[in-house]
Protein chains: 2
Amino acid sequence: MIAQHELQRLINDKIARLPLNAQPHELYEPIRYFMSLGGKRMRPMLVLMGCELFGGKVQDALEPAIGVELFHNFTLLHDDIMDNSPLRRSHPTVHEKWSVNVAILSGDAMFVKACELMMNSPKEVVHKVMSVFLDNALKVCEGQQFDMNYEKAAHIALPSYIRMIELKTAVLLGASLEIGALLGGASEADAELLYEFGRKIGIAFQLQDDILDVYGDEQKFGKQKGRDIVSNKKTFLMIKALEMANSYTQEELRNWLQATNFVEQEKVKAVTAIYNFLGVRDLARKEMMEHYNKGMQALEQIEVSEQRKKDLIAFADSLMVREN
Amino acid sequence: MIAQHELQRLINDKIARLPLNAQPHELYEPIRYFMSLGGKRMRPMLVLMGCELFGGKVQDALEPAIGVELFHNFTLLHDDIMDNSPLRRSHPTVHEKWSVNVAILSGDAMFVKACELMMNSPKEVVHKVMSVFLDNALKVCEGQQFDMNYEKAAHIALPSYIRMIELKTAVLLGASLEIGALLGGASEADAELLYEFGRKIGIAFQLQDDILDVYGDEQKFGKQKGRDIVSNKKTFLMIKALEMANSYTQEELRNWLQATNFVEQEKVKAVTAIYNFLGVRDLARKEMMEHYNKGMQALEQIEVSEQRKKDLIAFADSLMVREN
């Protein structure tokens, strides 16, 4: 097995060498910029690790791995427009640095490039790889739409919220692993179990993200703190708080949700105080651990030596204790 | 050979039966709406005609044909946002009827759906079909970016303009035919000649579009007249007019291009008068016919009986004398 940092190096090298120098540079420059902002490269790592789990060659999986990363960054680029976010990884978003039009179009071009890289999968598995990729790409769009719907909704049930983060975030982690497994020669049954592992870990990962938005270290998290609160995102914390609050606190929360004229920092501070009072952070951690455990159960069922699974387990664990 | 109107019926039936009823309906409803606005269905027609030219089965080509149409509509949907267009085929655009965010995201989902349909090509040719599709999809993005660049540029040379419309419009007509040819069992050489035919006819088609924007019948054209003039699009007419105008007329044109505060109809009327004075409409027609003739030369070289080519020739001719 190749060491994690070596896989990271392979991924970053490949991204740096992507042929993105064509004309017009107004189309390709934002793609280079956005891809250069870094990030954890979690999805391509999962593709390569999924491939290695079944003894596949990392080189066969590298182009599709970068394809998934390009797709993921395309969704971030368009989400940034929709969420009106000024920063991405502590740098100006593409629509801020250039324009909304440039962000729409260079995002579209990124998606095309992503498909091209996915199509460079070995012939025997390309059809199945594309099917998993496109199926889950559509789910990511559905998740983003549910997310936008829920911002405006007065009441969201927790199961709807969990389904939304599953679609928006978790399925692509699952798909990355399943694609890696297919490229590595796994049986369809094992590939699906690995998808399940990724999907569950992904839900846990997003719940951790909800927690970090409020309780994370701004420097390390690389995003402004409390953006979810400012934009009225119905995160696990908010939904649970609305469920648990007595009528007085309920009203205070609703007032903040309906406020149109407010100082952002005051809103963040007030809502965080309510979260602390109700203890929703611990409940979020508990829910997170349940999904994590279910993911681990799926991984256990895969017929591969425990030794080979160690890196994936370590990776999943690192997501649960991360600071960014 | 199946009659043209029968091919149209097959296409429209298939579009009407696309599985677009999933949740969330905010994502899928705009796709259904946009696809129901009609249009000439030129690209799927070209896929089917390309397939039939080589004796292929139309049923094998139907899903990829709809895939190209979905892709084309996805680009229109996003272009409408970028161009700030209120109407598409006499109906409100998606960003007007819903919102910019909905238009971005449902466009993205359309692109995923388009890829899914392309992947339903027969196994033997799917790799080549996807390669032609994605290669040209990227060119369409490049063309749109050049188009946006040229709106702001003071001077565009005619060859740059022709290259832009080639990328933005013509290559997808070429790709539709090439994909059809591949699905119909054509040799790669013949498939490329058919691409060439489509590309040249496509440039001619776009020049006709430039003419119709100014001189077309608003009811039949289905768009507001003079949109290109209002938005300072450097069409063939405008570029040629700037080239030919004496210093007085030149200044008048530049004043309209730089005006920020104007009555739209007055601008359209004044610029049209200059076009009439300089006779640029006839020059545009002449350029259009040159590309048309080169396209016909490519078609002639394809080793298929003249009888089989008749429908394609009639189709190309209909584009040259159309009113919409």
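Residues numbered from 1 in each chain as written. Chains lettered and ligands numbered in written order. Predicted model: local features only at pLDDT ≥ 70, side-chain atom pairs only at ≥ 80, totals over all residues. Heavy atoms only, no water.

Visitor: Got a sec to walk through the overall build of chain A? Specific residues and values, please.
Guide: Helices and strands together make up the secondary structure of chain A, namely 16 helices and two strands. Against the compact-globule benchmark of 20 Å for 324 residues, chain A has a radius of gyration of 20 Å, which places it among compact chains. Dimensions of chain A, computed from the C-alpha atoms along their principal axes, are close to 60 × 50 × 30 Å. In chain A, which comprises 324 residues, the share counted as buried stands at 61%. Put simply, of all contacts in chain A between residues at least 6 apart along the chain, 76% involve residues at least 24 apart. By element, 49% of the accessible surface of chain A is carried by carbon and sulfur atoms, the whole surface being about 13,200 Å². (Helix = DSSP H or I, 4+ residues; strand = E, 2+ residues; numbered from the N terminus. Rg over C-alpha atoms; globule rule 2.2 N^0.38 Å. Buried < 20%, exposed > 50% of the residue type's maximum accessible area, 1.4 Å probe, protein only. Contact = heavy atoms within 4.5 Å. Areas by Shrake-Rupley, 256 points an atom, 1.4 Å probe, with all protein chains shown as cover.)

Visitor: Would you mind going over the interface of chain A and chain B in detail, with residue names and values included?
Guide: Facing the 37 residues of chain A at the interface are 37 residues of chain B. At the boundary of chain A with chain B, total buried surface from both sides reaches about 3,500 Å², with 75% on carbon and sulfur atoms. Considering only the surface of chain A that becomes buried against chain B, Leu105, Met119 and His127 of chain A emerge as the three largest contributors, covering 16% of it. If you look at where chain A meets chain B, you find zero salt bridges. Inspection of the region where chain A meets chain B yields 10 residue pairs in polar contact (both at pLDDT 80 or more). Mapped by element, the contributors of at least two residues to the side of chain A that touches chain B are α2 (25-36), α4 (58-83), α6 (100-119) and α7 (123-152) of chain A. Take the side of chain A that touches chain B: its biggest share by element is 15 residues, from α7 of chain A. (Buried area = accessible area lost by both parts, 1.4 Å probe. Salt bridge = Lys/Arg side-chain N within 4 Å of Asp/Glu carboxyl O. Polar contact = N/O pair within 3.5 Å; in protein donor to acceptor, adjacent residues only side chain to side chain.)

Visitor: I'd like a description of the relation of the copies chain A and chain B, backed by residues and values.
Guide: With an RMSD of 0.0 Å, the fit of chain A onto chain B corresponds to turning through 180° and sliding 0.0 Å along the axis. The relationship between the two copies is best expressed as a two-fold rotation axis. A symmetric contact is evident, with 100% of the interface residues of chain A recurring at the interface of chain B. (Least-squares fit on C-alpha atoms with pLDDT ≥ 70 in both.)

Visitor: Which residues make up the side chain of Arg88 of chain B, and what values go with them?
Guide: When you line up the elements, Arg88 of chain B lands in strand β1 (residues 87-88). In this structure the side chain of Arg88 of chain B is engaged in a polar contact, spanning 2.7 Å, whose partner is the side chain of Asp80 of chain B.

Visitor: Can you explain the pattern of salt bridges? Please cite residues and give values.
Guide: All names here are of chain A. A complete count under the given rule lists 38 salt bridges over all chains for this structure. Here Lys168 makes a salt bridge to Asp79, at a shortest N to O gap of 3.8 Å. Taken together, the residues Lys168 in helix α8 (residues 158-183) and Asp79 in helix α4 connect sequence positions 89 residues apart. A relative accessible area of 19% places Lys168 in the buried class. The salt bridge involving Asp147 is made with Lys233; its shortest N-O contact spans 3.3 Å. Of the two residues, Asp147 sits in helix α7 while Lys233 sits in the loop between α11 (227-230) and α12 (236-244), which places them 86 residues apart along the sequence.

Visitor: Give me the side chain of Thr93 of chain A: which residues, what numbers.
Guide: Topologically, Thr93 of chain A is positioned in the loop between β2 (91-92) and α5 (94-97). Beyond its immediate sequence surroundings of up to four residues, Thr93 of chain A is in contact with Asp80, Ser85, Pro86, Leu87 and Arg88 of chain A.

Visitor: Mind laying out helix α7 (residues 123-152) of chain B, listing which residues take part and the relevant values?
Guide: Here α7 of chain B is 30 residues long and its end C-alpha atoms lie 45 Å apart, about the 44 Å a rise of 1.5 Å per residue gives. Counting buried positions along α7 of chain B yields 21 of 30 residues, so the element is predominantly enclosed. (Expected span 1.5 Å × (residues − 1).)

Visitor: Before we move on, could you go through the packing of aromatic side chains and cite the residues and values that matter?
Guide: Residues and elements named next belong to chain B. Taken as a whole and assessed by the stated rule, the structure comprises 13 aromatic pairs over all chains. Centre to centre, the rings of Phe71 and Phe74 are 5.6 Å apart; their planes meet at 55°, and the pair counts as tilted. Of the two residues, Phe71 and Phe74 both sit in helix α4 (residues 58-83), three residues apart, roughly one turn of that helix. Take Phe71 and Phe74: they sit in the same class, and that class is buried. (Phe/Tyr/Trp six-rings, centres within 6.5 Å; stacked < 30°, edge-to-face > 60°.)

Visitor: Quick rundown of helix α1 (residues 4-16) of chain A? Include the residues and the values.
Guide: Residues and elements named next belong to chain A. Relative to the 18 Å expected for 13 residues at 1.5 Å per residue, α1 spans 18 Å between its end C-alpha atoms, a close match to the ideal helical length. For α1, the set of buried residues is Leu7, Leu10, Ile11, Lys14 and Ile15. An end-on view of α1 places all buried positions within 130° of arc, on one side of the element. Seen from the open side of α1, the exposed residues pointing more than 90 degrees away from its buried face are His5 and Ala16. Turning to α1, the residues buried within the fold contact α2, α3 (42-53) and α4. (Arc of directions from axis to C-beta.)

Visitor: Before we move on, could you go through the state of the cysteines and cite the residues and values that matter?
Guide: For the structure shown, the criterion picks out zero disulfides over all chains. Here Cys141 of chain B is not disulfide-linked; the sulfur of Cys115 of chain A is the nearest cysteine sulfur, at 11 Å. Residue classification places Cys141 of chain B among the buried positions, given a relative accessible area of 4%. (Disulfide = S-S within 2.5 Å.)

Visitor: Kindly report on the environment of Pro92 of chain A, identifying the contributing residues and their values.
Guide: Residues and elements named next belong to chain A. Among the secondary structure elements, Pro92 is positioned in strand β2. Separated by 58 residues in sequence, Pro92 and Phe34 have C-alpha atoms that sit 9.6 Å apart. Every residue in contact with Pro92, bar those within four places of it in the chain, is listed here: Tyr33, Pro86, Leu87 and Lys97.

Visitor: Describe the packing of α7 of chain A against helix α6 (residues 100-118) of chain B, with residues and values.
Guide: Taken N-terminus to C-terminus, the directions of α7 of chain A and α6 of chain B make an angle of 165°; their axes are 9 Å apart at the nearest point. By the angle between their axes, α7 of chain A is roughly antiparallel relative to α6 of chain B. As for the relative orientation of α7 of chain A and α6 of chain B, their crossing is left-handed in sense. Every residue of α6 of chain B that contacts α7 of chain A at Leu134, Asp135, Ala137, Leu138, Cys141, Gln144, Gln145 and Met148 of chain A is listed here: Asn101, Val102, Leu105, Asp108, Ala109, Val112, Lys113, Cys115 and Glu116 of chain B. Counted by class, the contact of α7 of chain A with α6 of chain B contains 10 nonpolar, three polar and four charged residues. (Axes fitted to C-alpha atoms, helices over the stretch in contact; angles between N-to-C directions. Parallel < 35°, antiparallel > 145°, perpendicular 65-115°, else oblique. Left-handed = near helix turned anticlockwise from the far one by under 90°. Nonpolar A, V, L, I, M, F, W, Y, C, P; charged D, E, K, R; others polar.)

Visitor: Kindly report on the packing of α2 of chain A against α4 of chain A, identifying the contributing residues and their values.
Guide: All names here are of chain A. One way to put it is that α2 packs onto α4 with a least axis distance of 11 Å and a crossing angle of 105°. Judged by the angle between their axes, α2 and α4 are roughly perpendicular. On α4, the residues that touch Ile31, Phe34 and Met35 of α2 are Glu69, Leu70, Asn73, Leu76, Leu77 and Asp80.

Visitor: Tell me about the confidence of the model for chain A, residues and numbers included.
Guide: All names here are of chain A. Residues with a pLDDT of 70 or more make up 98% of chain A, whose mean pLDDT is 94. Of all secondary-structure elements in chain A, the lowest mean pLDDT belongs to helix α10 (residues 218-221), at 66, while α6 reaches the highest, 98. Model confidence for the complex is summarised by a pTM of 0.92, with the ipTM given as 0.91. (pLDDT = per-residue confidence, 0-100.)

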